[in-house]
Amino acid sequence: MKKCLISLVIYLTSVFGYSQSFVATDNGSKIQFKIKNLGINVTGSFTGLQGVISFDEKNLGGSSFEASIDANTINTGIGARNNHLRKEEYFDVKNFPRIRLVSTKVTASNKAGTYFLFGKLTIRNTTRDISFPFTATPQDGGYLFNGEFKLNRRDYGVGGSSFTISDNLTVNLAVLAKKQ
């Protein structure tokens, strides 16, 4: 029985390999967005990043990302706007304090050093499929993951039917993850 168990562990290790585990760090990471409000670009950011990342560029099938940010930390540089965005019509931070991204698959792209993350993004308890390219640069004993994606705020019920704000926004991620 013991030999069977050891054989099974060796087999699973050879099939699935070992991905390195990392912790996403708030310090050194940037979660930023850009959206038009009354035709003017508004930028902002979030902090409070938490997450665990398993990544091995030689074994992408064993790679996974699970991260979240604190919705209450939204910062557009204008306090009154930040407070307005925390309210029920927008992020409703009282009821939905975290924005969460969980990967379902990580693959290589045609471009060396660029990968694709497929996953689920949850905002205000609404979950949608998402995919985007990213790069992984070794840094400080871990990786700096950079990616960018676009989304429609209405898909997540953010901002109601406001016509002064664009439906579409761009999110830029620079996530520093260090070994556990």
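For the structure given in this document, a descriptive report is provided here.

In the case of a regular strand, side chains alternate between the two sheet surfaces. Alignment of strand 1 (residues 20-37) against strand 3 (residues 50-55), held across 4 bridges, turns out to be antiparallel. Its bridge partner being in strand 3, Val 23 is matched across the sheet by Val 52. In this sheet, strand 9 (residues 165-179) lies alongside strand 1 in antiparallel orientation, the contact comprising 11 bridges. Paired with Phe 22 across the two strands is Lys 179, which belongs to strand 9. As paired elements, strand 1 and strand 2 (residues 40-46) share 7 bridges and run antiparallel to each other.

This paragraph deals with unusual backbone geometry. With a phi angle near 45°, Asp 92 is a residue other than glycine that sits in the positive phi range. Residue position: Asp 92 is located in the loop between helix 2 (79-85) and strand 5 (98-108). Unusually for a residue other than glycine, Arg 124 sits at a positive phi of about 55°. The topology assignment puts Arg 124 in the loop between strand 6 (114-123) and strand 7 (126-139).

Once that is clear, we can look at the environment of Leu 101. Within the secondary structure layout, Leu 101 lies in strand 5. For Leu 101, a relative accessible area of 15% translates into the label buried. The sequence separation of Leu 101 and Thr 122 amounts to 21 residues, and the corresponding C-alpha distance is 6.4 Å. Other than its neighbours up to four places away in sequence, Leu 101 contacts Phe 65, Glu 66, Ala 67, Leu 117, Lys 120, Leu 121, Ile 130 and Phe 132.

This part takes up the pairing of strand 4 (residues 64-70). In this structure, strand 3 lies alongside strand 4, joined through 5 bridges in antiparallel fashion. Note on strand 4: the bridge partner recorded for Gln 50 is Ser 68. Two elements, strand 4 and strand 5, share 5 bridges in a ladder whose sense is antiparallel. Bridged to Ser 68 within strand 5 is Arg 100.

In this structure the tally under the stated criterion is 15 aromatic pairs. On the basis of an interplanar angle of 45° and a centroid distance of 5.7 Å, the ring pair of Phe 33 and Phe 46 is categorised as tilted. One end of the pair, Phe 33, is in strand 1; the other, Phe 46, is in strand 2, and 13 residues separate them in sequence. Of the aromatic side chains, those joined through ring pairs into one cluster are Phe 22, Phe 55, Phe 65, Tyr 115, Phe 134, Tyr 143 and Phe 145. One Lys or Arg, Lys 105, reaches over the ring of Phe 118 and ends 4.8 Å from the middle of that ring.

Calculation criteria
- Residues numbered from 1 in each chain as written.
- Predicted model: local features only at pLDDT ≥ 70, side-chain atom pairs only at ≥ 80, totals over all residues.
- Heavy atoms only, no water.
- Pairing = 2+ DSSP bridges.
- Helix = DSSP H or I, 4+ residues; strand = E, 2+ residues; numbered from the N terminus.
- Buried < 20%, exposed > 50% of the residue type's maximum accessible area, 1.4 Å probe, protein only.
- Contact = heavy atoms within 4.5 Å.
- Phe/Tyr/Trp six-rings, centres within 6.5 Å; stacked < 30°, edge-to-face > 60°.
- Lys NZ or Arg CZ within 6 Å of the ring centre and 35° of its normal.

Scope: geometric values only; no functional claims are made or implied.
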